[in-house]
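Now for the letters of each chain:
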Amino acid sequence: MAVGRAFRGWHWLASSRTRPMPALMSRPPHARAAALLVAGLVGGLLAGVPSVQDTDPAAASDHERPNVVIIYSDDQTVDQLAVMERTQELIADQGLTFTDSIVSYPLCCPSRASLLTGQYTQNNGVRSNSTGSNGNPLPSATRTPSPEGRAAIEAWPAFQADAEQTSIAVALQQSGYHTGLLGKYLNGYHGPAAETVPPGWSDWRASAPVRDGSVTDYWNTRLNVNGTIVDHPDTYRTDLYASEAEDMIDVASGGGQPFFLLFSFTAPHGGRSPTFPPRPADRFVGEQAPRPPSFNADNRDKPGFISRRYPPLTAAEIRQLNSRWQAELRSLLALDEAAERVVGR
């Protein structure tokens, strides 16, 4: 990986407009700050922040350890980045665009696990989002697969068993970094277990399920703040995360250590409550979801597991698809504002 050009004393590495491959940190030779491209989900966004000066002058060198801030979106497509004008101006235009990148496993939790470990899914243990989901044929290396050959364990317990003790957070914390996570961790992080703090995290503010088990309710957020459950009802989640992210940067900046912060936003993932923010109400009205050549194509010539499971969309389903697309775009306007707040911090 490479680091983008300097901008006002910062260094940037912008998100790809294709699907970027998870990668671990490389240290720029003469940079006071850097950002890291590690987006396992489509549309990961990044920002860097000024680095903390080494508190021991004798230990200072041209190779100061950079601070790293990752802003991570959920289920965002490449095309949707076009509505995030602030993010493009402050990050993408100041860094790099990767036009031919590949993600090894384009599914939520396996990609998150790869981001946290730099490992392929067969090595980090996370083969699906939840028990027996997605028809995943990969058996677990440390557990007995279900009769269907699917991974018989949810993502977080699988990660605990195989990789959590050796995650990037553990490695960086042991090397003197202040580490922090905000927002979504992995599926399966719920119940009494959601009151625990995984190893390696100095500042832990992960989302936990609310009463109905949902972690995608945009107007009812529960966070595990370093072991204490805190509820935030009637607050739009993306705005809440933006404020929490600013606070985490302030805390990390005052500690005298380099820091690694992962801000894992929910947007534009669909939720149980309206995903769009309370502003602006008239944006993207009439916008249609993308219509690639494959859109609603006749798949009767495809194998039965495709043709039977995915019949042609009805007119009502297409209207619903367009409505969801519009809501996702609006949710990204709030994420765009959040990215600006993080950069400005």
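Scroll up for the structure.
Residues numbered from 1 in each chain as written. Predicted model: local features only at pLDDT ≥ 70, side-chain atom pairs only at ≥ 80, totals over all residues. Heavy atoms only, no water.

Peer 1: Which residues make up helix α4 (residues 155-162), and what are the values?
Peer 2: What α4 keeps buried is the set A155, W156, A158 and F159. Projected onto a plane normal to the axis of α4, the buried residues spread over an arc of 160° and lie on a single side. The elements touched by buried residues of α4 are α2 (108-117) and α3 (121-124). (Buried < 20%, exposed > 50% of the residue type's maximum accessible area, 1.4 Å probe, protein only. Helix = DSSP H or I, 4+ residues; strand = E, 2+ residues; numbered from the N terminus. Arc of directions from axis to C-beta. Contact = heavy atoms within 4.5 Å.)

Peer 1: How would you explain α2 if you had to name every residue and give the values?
Peer 2: The element α2 is largely enclosed, with a buried count of 10 among its 10 residues. For α2, every residue scored as buried is listed here: C108, C109, P110, S111, R112, A113, S114, L115, L116 and T117. Looking at the buried residues of α2, the elements they touch are β4 (68-74), α3, α4, α5 (168-174) and β9 (259-268).

Peer 1: Run through the environment of A158, naming residues and quoting values.
Peer 2: Tracing the backbone through its elements, the reader meets A158 in helix α4. Along the backbone, A158 and L186 are 28 residues apart, and their C-alpha atoms lie at a distance of 10.0 Å.

Peer 1: Pulling in residues and values, what's your account of the packing of helix α6 (residues 237-253) against helix α8 (residues 315-344)?
Peer 2: Relative to each other, α6 and α8 sit at 10°, their axes nearing to 9 Å. Compared by their axis directions, α6 and α8 come out roughly parallel. Of α8, the residues touching α6 (which contributes T238, D239, A242, S243, A245, E246 and I249) are A334, L335, A338, R341 and V342. (Axes fitted to C-alpha atoms, helices over the stretch in contact; angles between N-to-C directions. Parallel < 35°, antiparallel > 145°, perpendicular 65-115°, else oblique.)

Peer 1: Which residues make up the pairing of β9, and what are the values?
Peer 2: Where a strand is regular, its side chains alternate between the two sheet faces. Burial analysis of β9 places 10 of its 10 residues in the buried class, which makes it a mostly covered element. Pairing of β4 with β9 involves six bridges; the strand directions are parallel. Paired with D74 across the bridge in β9 is P268. Pairing between strand β5 (residues 178-183) and β9: six bridges, direction parallel. When the sheet's bridge partners are listed, L181 is paired in β9 with L262. (Pairing = 2+ DSSP bridges.)

Peer 1: Let's hear about the pairing of strand β6 (residues 203-208): which residues, and what values?
Peer 2: With six of six residues buried, β6 lies mostly within the body of the structure. Of the two faces of β6, the one carrying D203, R205 and S207 and the one carrying W204, A206 and A208 are both buried. Looking at chain direction, β6 and strand β7 (residues 220-225) are connected through four bridges and run antiparallel. When the bridges of β7 are listed, S207 appears paired with L223.

Peer 1: Before we move on, can you summarise unusual backbone geometry with the specific residues and values?
Peer 2: Note that the residue after A267, namely P268, is joined by a cis bond; omega there is 0°. The residue P268 is located in strand β9 in this model. Despite not being glycine, N226 shows a phi value in the positive range, around 55°.

Peer 1: Account for the packing of aromatic side chains, naming residues and giving values.
Peer 2: Scanning the model with the defined rule gives 10 aromatic pairs in all. Ring geometry for Y241 versus F265: centroids 5.7 Å apart, planes at 65°, classification edge-to-face. Of this pair, Y241 sits in helix α6 while F265 sits in strand β9; the two residues are 24 residues apart in sequence, bridging distant segments of the chain. Take Y241 and F265: they sit in the same class, and that class is buried. Every member of this aromatic cluster is reached through a ring pair, and the members are W156, F159, Y185, Y189, W201, W204 and F260. Lying across the ring of F284, R283 places its NZ or CZ 4.5 Å from the centre. The positively charged end of R291 is found above the aromatic ring belonging to F295, 4.4 Å away from the centroid. (Phe/Tyr/Trp six-rings, centres within 6.5 Å; stacked < 30°, edge-to-face > 60°. Lys NZ or Arg CZ within 6 Å of the ring centre and 35° of its normal.)

Peer 1: I'd like a description of the side chain of E246, backed by residues and values.
Peer 2: Within the secondary structure, E246 sits in helix α6. With a relative accessible area of 13%, E246 lands in the buried category. Polar contacts involving the side chain of E246 include one to the side chain of R341, which spans 2.8 Å. For E246, the residues in contact, after removing those within four places along its chain, are R341 and R345. (Polar contact = N/O pair within 3.5 Å; in protein donor to acceptor, adjacent residues only side chain to side chain.)

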